[in-house]
Every structure is written in C-alpha cells, then in structure tokens.
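Next come the chains, spelled out residue by residue.
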Amino acid sequence: MTTIQKQDWHHSGSSCCTPIGTCCLSWWCPCIVYGRTHHRIKNNGDMNGYSCCNLACTGLCGLACLGISFVMPMLSRGDMRAKYHIKGNGCTDCLCACCCTPCDVTQQEKESTYREEQNKRLLAQPGKEAMMNYAPQQQDPAFHH
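On a predicted model such as this, the values are computed, not experimentally measured, just so you know.

Peer 1: Go over the pattern of salt bridges with me, naming the residues and quoting the values.
Peer 2: One side chain can pair with another of opposite charge once the charged atoms of both are near each other. Counted by the stated rule, this structure contains 10 salt bridges. Across the salt bridge formed by Glu-109 and Arg-40, the nearest N and O atoms sit 3.0 Å from each other. Of the two residues, Glu-109 is situated in helix H6 (residues 101-124) and Arg-40 in helix H2 (residues 30-42); the sequence distance between them amounts to 69 residues. Assigned by exposure class, Glu-109 and Arg-40 land together as buried. Notably, a salt bridge pairs Arg-115 with Glu-111, separated by 2.7 Å at the nearest N-O pair. With Arg-115 and Glu-111 both in helix H6 and four residues apart, the pair spans about one turn of that helix. Residues Arg-115 and Glu-111 agree in their burial class; the two are buried. If you follow the salt bridges from partner to partner, you end up with Arg-77, Arg-81, Asp-93 and Asp-104 in one network.

What counts and how
Residues numbered from 1 in each chain as written. Predicted model: local features only at pLDDT ≥ 70, side-chain atom pairs only at ≥ 80, totals over all residues. Heavy atoms only, no water. Salt bridge = Lys/Arg side-chain N within 4 Å of Asp/Glu carboxyl O. Helix = DSSP H or I, 4+ residues; strand = E, 2+ residues; numbered from the N terminus. Buried < 20%, exposed > 50% of the residue type's maximum accessible area, 1.4 Å probe, protein only.

As structure tokens, this is what we get:
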C-alpha cells in the first residue's frame, strides 16, 4: 500500500490581500468567490457552465442569514485538503473558516486555481503521468496477427 505525502498549502492564509480583486470580493460578497472555488474543485478546473449565482453561492448566503456562513467554507476546505493531499485537519479547517471567512475563502480560491493549473500542465505533457516518464514501446515489425 502506498501512502501519499501530504503537502503544505501553496498559498498562505495570511496572504489574503492579493490579488486585491479577489480580496475585496471575498470581504464584500464571499458567496461569489466561494461558489467559483466550489465549481472549480468539483469540475477539476473546468469552468464551463459556471455561473456566479450557483447553488453553492446561494447556500452560503442562506447560512449567512443564520449567522453560520463559515460552515460551507469549512467543509470545502476539508474537501480541498483531501483532493489535493494538503496537510491539516478538521480542527484547523474550522478555525480558519470561523476566525476569518473572507481570508479562508480567498486562500481556497487561490489554492484551487494553482492546484488545478498544475494538474492541467501535468496532463498536457505527453508521456508524463504523475511525474513519471513513459517510453514508447517498440513494436516488432515481424510479428503480425
């Protein structure tokens, strides 16, 4: 059985002020950033069919009305850690989402963008799969069916 090495977050939660557009949107309308991130993660980076007013965005707005908007980013953070093999646990997910939801949403947006771009680059390189090189197999021209 192979265990996968857990990685650190590529983007720090404390660097939530860049890019400024994402930062501002996360503070003033976090549901849009959350919905965009959720769509990207669930669709492996494919943003086709994305709408800024999606079910994830609506759900976050509904929970915000109840004062518990941190729940969805907390769950999403756990999903992201599992998908991208990132270090952390449920306790840190909860703390990040509760203490500063806009910073957490910004970090998740940047991290999902980075990770999905890395996955696209890896899959776009012919002959490479998970950092392995595959040599083309030689066919024996004398062998016929």
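Here the narrative resumes.
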